[in-house]
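Read off the chains here:
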2 protein chains.
Amino acid sequence: MEGVDFLAPERNKAQFDVEEMKIVWAGSREAFEVSDRMSRLVASDPVFRKDNRPMLGRKELFKNTLRKAAHAWKRIIELRLTEEEASRLRFYVDEPAFTDLHWGMFIPAIKGQGTEEQQQQWLPLAYKMQIIGCYAQTELGHGSNVQGLETTATFDPQTDEFVINSPTLTSSKWWPGGLGKVSTHAAVYARLITDGQDQGVHGFIVQLRSLDDHLPLPGITIGDIGMKFGNGAYNSMDNGVLRFDNVRIPRNQMLMRVLQVTREGKCVQSNVPRQLVYGTMVYVRQSIVSDASCALSRAVCIATRYSAVRRQFGSHNGGLETQVIDYKTQQARLFPLLASAYAFRFVGEWLKWLYMDVTRRLQANDFSTLPEAHACTAGLKSLTTSVTADGIEECRKLCGGHGYLCSSGLPELFAVYVPTCTYEGDNVVLLLQVARHLMKTVSQLGSGKKPVGTTAYMGRVEHLMQCRSDVQKAEDWLKPNVVLEAFEARAARMAVACAQALSKFANPEEGFQQLSADLVEAAVAHCQLIVVSKFLEKLQQDIPGKGVKQQLQILCSIYALFLVHKNLGDFLSTGCITAKQGSLGNEQLRSLYSQVRPNAIALVDAFNYTDHYLGSALGRYNGNVYPTLYEEAWKDPLNDSVVPDGYQEYVRPMLKQQLRNARL
Amino acid sequence: MEGVDFLAPERNKAQFDVEEMKIVWAGSREAFEVSDRMSRLVASDPVFRKDNRPMLGRKELFKNTLRKAAHAWKRIIELRLTEEEASRLRFYVDEPAFTDLHWGMFIPAIKGQGTEEQQQQWLPLAYKMQIIGCYAQTELGHGSNVQGLETTATFDPQTDEFVINSPTLTSSKWWPGGLGKVSTHAAVYARLITDGQDQGVHGFIVQLRSLDDHLPLPGITIGDIGMKFGNGAYNSMDNGVLRFDNVRIPRNQMLMRVLQVTREGKCVQSNVPRQLVYGTMVYVRQSIVSDASCALSRAVCIATRYSAVRRQFGSHNGGLETQVIDYKTQQARLFPLLASAYAFRFVGEWLKWLYMDVTRRLQANDFSTLPEAHACTAGLKSLTTSVTADGIEECRKLCGGHGYLCSSGLPELFAVYVPTCTYEGDNVVLLLQVARHLMKTVSQLGSGKKPVGTTAYMGRVEHLMQCRSDVQKAEDWLKPNVVLEAFEARAARMAVACAQALSKFANPEEGFQQLSADLVEAAVAHCQLIVVSKFLEKLQQDIPGKGVKQQLQILCSIYALFLVHKNLGDFLSTGCITAKQGSLGNEQLRSLYSQVRPNAIALVDAFNYTDHYLGSALGRYNGNVYPTLYEEAWKDPLNDSVVPDGYQEYVRPMLKQQLRNARL
């Protein structure tokens, strides 16, 4: 069987140049080349094996993760990999580990919040991994609301130190990844108290463990918070609990880029703008959006390939049954997710640009676009991660019963992905922030202040409030301006309706509370518009390769029309389109599904995922699904013996009616 | 802290008699009493401990399940429990095990498909557990389509035996629970071949393992198919793989109630109607609906209690933060699920009646209501299990980050529940069956054949096609007839629209294929109508207890109006209601949420779940959440040592820059 490509007939159907599509997906030829090389490097290295993960106990799993992290670091040094290459390598190792927090949160915190001196002191140590850091913010009783944190850092002018303390059980640091077992240091967020005054929450570098024997330093209680969702999944991470019993650190370990505490205990604001933190948030969230497209595309790749292999029903005269991918019900669930994966890829690409744009402006002390950029990234983080989490589970269901097996790769992918909906801003809380920004934008429309960036369409609110879609036949829905106007009108009308309802409340905050469910829906409409419009913008670029642009046009239309169908209530109740036009959209959608069908396998091949990275018996590149599933089964520890452990004590006495005497 | 009820203030707010609501939820005082007694029995028995499940390796977990099953059986015998009590006891043990299949599938298969003689031969052995059986139907390559099974049972007239064989890899039996390691026998489904003729799929009793030493009998290859979704979850079940190499069984082990094979190898149809199998399907699916209400209510109970404990934001002047349950966004996600749990409970109760009604009619050779009953149970199985699976995950998200911890109980509940969407009929395949029945019903409307049961409203199709809702103010949505008519009109119009679209196809089967996504939506509309109408019917009964009926009325309105909001596109595009009326419904919904709020904790108390059954640090009856979470954390194996296993080999060399020499 080795070498036979059971999906070759599918690949032959493709009407576009897959190799060119791979470049589009990767973002550039260089990005493709690095990803391709790193993914092969990981796939060919037995240390990075991951098929046994679901079967390992917690300790074994964790030890194995430490091994992989050390090995990855060794390879990075040996091969003198660039920062980008190292980051891709870690990505393809595909196992949550303390290094994610060290590189992704601890180092950026020092870079963003530390002074020049602090950066010079700590960054070289961190870059060489002579210290390992994590990011200790959330507490047992405090997640979303950073201002509610209870940990205190009290300045003691006698000794020129801060005293870090956990005054209550709920103030225990809880969740930080890498904290539980590995980190030697942490960026700890605590209420700064100087001279009896609460100065709000600030960051502090605190050493947690001895660099000699790894034991917790005096006054520090530390441990792992226990098993999380899924088998292997996120259990390779040592999310931790941390309590301080009046732990002292030198004054210069407060991250003082924005606010300084002097030797006398005075607080001095620096001339660095506070808005800088928002720049970091934009950065972190844009990378989450980019990861969403990876996770979703991975699930879609598995489900699409298996849907082409699997056959059910429809056999006539003893012939082959129908490929599941040919069923319209399957297409109507799978193809919108395929389209979403591409849509999120492109909006993620655009967010990278936005981050650079914001950074440039911040350096020039231009804060004008920051609120809009902040709202936009918050909204897109929420939208893309929610859709991806649900989408992975939908892909699992699209694989029928076998999707429930760990060897399908989908349960772990889901379990490891879902926390993204909660961390870095709970998705509903983020949508409320978007809604707040939208309400502010609407309220300022009369003032002459022009809405910018992704809210620019609000500047045409008068037109959008009364325009009518001129769709008359199904194909009219393929016109970019038709789609765009429908989404703009819907988003604008929902926002304006909320603003009008809000204005009836004497207390605006009370109104915001009462209407929050509607506000969330208006925010979603706005975010969907952004994704649609960025996809349409992408299509205005020059995209080389035979048939590549055509395929993307089809996917863009599917993405937009699927949303119209799914949110038809919004479009109809705001009067943006008529029921008849909605129905024409649905008709067009069916025809688009038929156009994607022959290209489906090639469109998921374009993600260029190795079998190692996919980690799925169902998603095998060559479609050799059933022998793979069969072989995987026998690896389970339960199959170590023919007669299971426990038979003699528990099963045999039952069968032999000797339970009464059995010691259970 | 022991004994303090942190949720007492919430319980004091309740405006109804919780004890009476417990009876309503249980179905009767007797049912409540049995459930209550059995749940306490399980909770107080240390053998049934389950908090350590997520941390156990597969073998340990499985051995522990065998122990629990044996202990449960011992207690059942010692206490001389009735069948109902035993079934409740197993329910509260709350761990998937081979016994589920033995009692739930193997025994019913013999009862339903075995002759009198076969029942007398096999049932006493099975009842005493002298043999343990499973249900071996699905194959590696064949799930939903039973007619596509490949396993053969060839009659050999020479020896008066059947030869059971697995001709291909894809014909391997795959998934049957209890098969992998425990069952001694199986009801095996295979293509009957007599005299070279394929007679379709039939059931056979096949012994798999020796009753002496539990080794597989000659010609039988058998094992576990490997890890499934989640930590403990369904991994306590030995879902199995089974291959036959020409295994011989006596002729009298074919289940011959409907079709007999004579000594000469002739097939003789008995006078038992084939439709009997549908009766069994109705039974199995009604129990799945009933289980859905249990699983959903359990998740809702956890999320509701924790939402009342958890506080985030909204603190003024240093006071307490706001209880999360007071946020409208939380209410708008949580309360519809609470309402759904009650709705599914009542529709499940009604399905029990339906099953008895069908059984009575079958005994009187009246098959007239069977197609409708079959479609109705198929649809309700699909609807309730899909909503429950999504609902559990939504409840997890409603608990914020902590919902991701296994100690919240929610990850395991989700992982153990989701296969319900696939087994006993894939949920989408089932909806297509419902759609087929609906299309048939519509096509017969002109013929004078009156639609029955849950399709009776189709008899008023002319009225329903043109009626208009007369909602003028928000409270009009509280009127049962207003709600019912809107749902009937929507379902009827969607079905008729599909029928009209279908009629345009020359080939109806091709049309059904092309329109299947729309047909699925019409089927969902029909099923939602059934749930709404059965809830409304329940409210017409006499329901004692102060305030009990009022609370149920509120929940029924929430259930219906939430569906109107969520499916607004349907209601608007079919012209059943206007955009203004939809908006009034939404307004009414907000007001209903406020009415539920003070009763929310008491409404989940009414489920009468023990802390053992809930298995959740977040769902504790007394609300003592944070100390419980904190204690649970330390039980993780990773906390056995302060310095983790692997530190010396992998972490220390990294920190000390000695990786080059390390052996990884």
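Residues numbered from 1 in each chain as written. Chains lettered and ligands numbered in written order. Predicted model: local features only at pLDDT ≥ 70, side-chain atom pairs only at ≥ 80, totals over all residues. Heavy atoms only, no water.

Student: Can you walk me through the overall build of chain A in this structure?
Tutor: Secondary structure assignment for chain A yields 23 helices and eleven strands. Taken over C-alpha atoms, the radius of gyration comes to 27 Å for chain A, in line with the 26 Å a tight globule of 664 residues would show. Projected onto the principal axes, the alpha-carbon positions of chain A cover approximately 90 × 80 × 60 Å. Counting all 664 residues of chain A, 62% fall into the buried class. (Helix = DSSP H or I, 4+ residues; strand = E, 2+ residues; numbered from the N terminus. Rg over C-alpha atoms; globule rule 2.2 N^0.38 Å. Buried < 20%, exposed > 50% of the residue type's maximum accessible area, 1.4 Å probe, protein only.)

Student: Would you mind showing me how to read the interface of chain A and chain B here?
Tutor: For interface size, the figure often reported is the accessible area lost on association. In this complex, chain A contributes 133 residues to the contact, which on the side of chain B involves 133 residues. Both sides of the chain A and chain B interface together cover about 11700 Å² of buried area, and 64% of this is carbon and sulfur. If you sort the residues of chain A by the area they bury against chain B, F229, Y404 and L638 of chain A come out on top, with a joint share of 7%. Applying the counting criterion to the chain A and chain B interface returns twelve salt bridges. With a closest N to O distance of 3.8 Å, D645 of chain A and K63 of chain B form a salt bridge. Linking chain A with chain B are 45 residue pairs in polar contact (both at pLDDT 80 or more). The element contributing the most residues to the side of chain A that touches chain B is helix α4 (residues 58-78) of chain A, with twelve residues. Of the residues contributing to the side of chain A that touches chain B, the split by class is 66 nonpolar, 35 polar and 32 charged. (Contact = heavy atoms within 4.5 Å. Buried area = accessible area lost by both parts, 1.4 Å probe. Salt bridge = Lys/Arg side-chain N within 4 Å of Asp/Glu carboxyl O. Polar contact = N/O pair within 3.5 Å; in protein donor to acceptor, adjacent residues only side chain to side chain. Nonpolar A, V, L, I, M, F, W, Y, C, P; charged D, E, K, R; others polar.)

Student: Quick question: what am I supposed to make of the packing of aromatic side chains here?
Tutor: Each aromatic ring pair is specified by the distance between its two centres and by the angle formed by the two planes. Residues and elements named next belong to chain A. Overall, the coordinates contain 58 aromatic pairs over all chains when judged by the stated rule. Taken together, a centroid distance of 6.3 Å and an interplanar angle of 80 degrees make the contact between F344 and Y559 edge-to-face. Remark: Y559 occurs in helix α17 (residues 548-566) and F344 occurs in helix α9 (residues 328-363); sequence separation between them is 215 residues. Across this residue pair, the class does not change: F344 and Y559 are buried. (Phe/Tyr/Trp six-rings, centres within 6.5 Å; stacked < 30°, edge-to-face > 60°.)

Student: Help me understand the relation of the copies chain A and chain B, please; the structure alone is not making it clear to me.
Tutor: One chain copy maps onto the other through a rotation about an axis and a shift parallel to that axis. Note on the identical chains: chain A maps onto chain B by a rotation of 180 degrees and an axial translation of 0.0 Å, with an RMSD of 0.0 Å. Such a turn and shift between the copies fits a two-fold axis. Using C-alpha coordinates, one finds that chain A approaches the rotation axis most closely at G569 of chain A, a distance of 1.8 Å. When you check the interface residues of chain A against chain B, 100% turn up at the interface there too, and the contact is symmetric in its surfaces. (Least-squares fit on C-alpha atoms with pLDDT ≥ 70 in both.)

Student: Whenever I open this one, the pattern of salt bridges confuses me. Can you help?
Tutor: Side-chain pairing between opposite charges can occur once the charged atoms of the two side chains come close. All names here are of chain A. For the coordinates displayed, the defined rule picks out 94 salt bridges over all chains. R37 is the salt-bridge partner of E33, the closest N and O atoms lying 2.8 Å from each other. A residue pair is termed a helical-turn pair when its members lie 3 or 4 positions apart in one helix, as E33 and R37 do in helix α3 (residues 29-43) at four residues. The class of R37 is partly exposed, set by a relative accessible area of 35%. Residue D476 pairs with K473 through a salt bridge whose shortest N-O separation is 3.2 Å.

Student: Could you clarify how one ought to interpret the pairing of strand β7 (residues 220-224) of chain A in this entry?
Tutor: Residues in a regular strand point their side chains to alternate faces of the sheet. Residues and elements named next belong to chain A. With four of its five residues buried, β7 lies for the most part within the structure. Direction of pairing for β7 relative to strand β8 (residues 240-244): antiparallel, over a ladder of five bridges. Paired with I222 across the strands is L242, a residue of β8. (Pairing = 2+ DSSP bridges.)

Student: Hey, could you run me through the sheet that holds strand β8 (residues 240-244) of chain B in this one?
Tutor: Strand pairing in a sheet takes place through backbone hydrogen bonds and is either antiparallel or parallel in direction. Residue and element names in this part refer to chain B. Spatially, the three strands line up as an open sheet ordered β4-β8-β7, and their pairing is antiparallel. The open sheet has two free edges, formed respectively by β4 (173-174) and β7 (220-224), since each of these has just one partner strand. Here β4 runs beside β8; their pairing, made up of two bridges, is antiparallel. Counted as the bridge partner of W174 is V241 from β8.

Student: Any chance you could explain the side chain of Q119 of chain A here in plain terms?
Tutor: Residues and elements named next belong to chain A. Relative to the helices and strands, Q119 is located in helix α7 (residues 116-127). Taking the relative accessible area as the measure of exposure, Q119 reaches 17% and is therefore buried. Within the structure, Q119 has its side chain in polar contact with the backbone oxygen of K111 (distance 3.1 Å). Ignoring sequence-local partners within four residues, the contact set of Q119 consists of I110, K111, G114 and P124.

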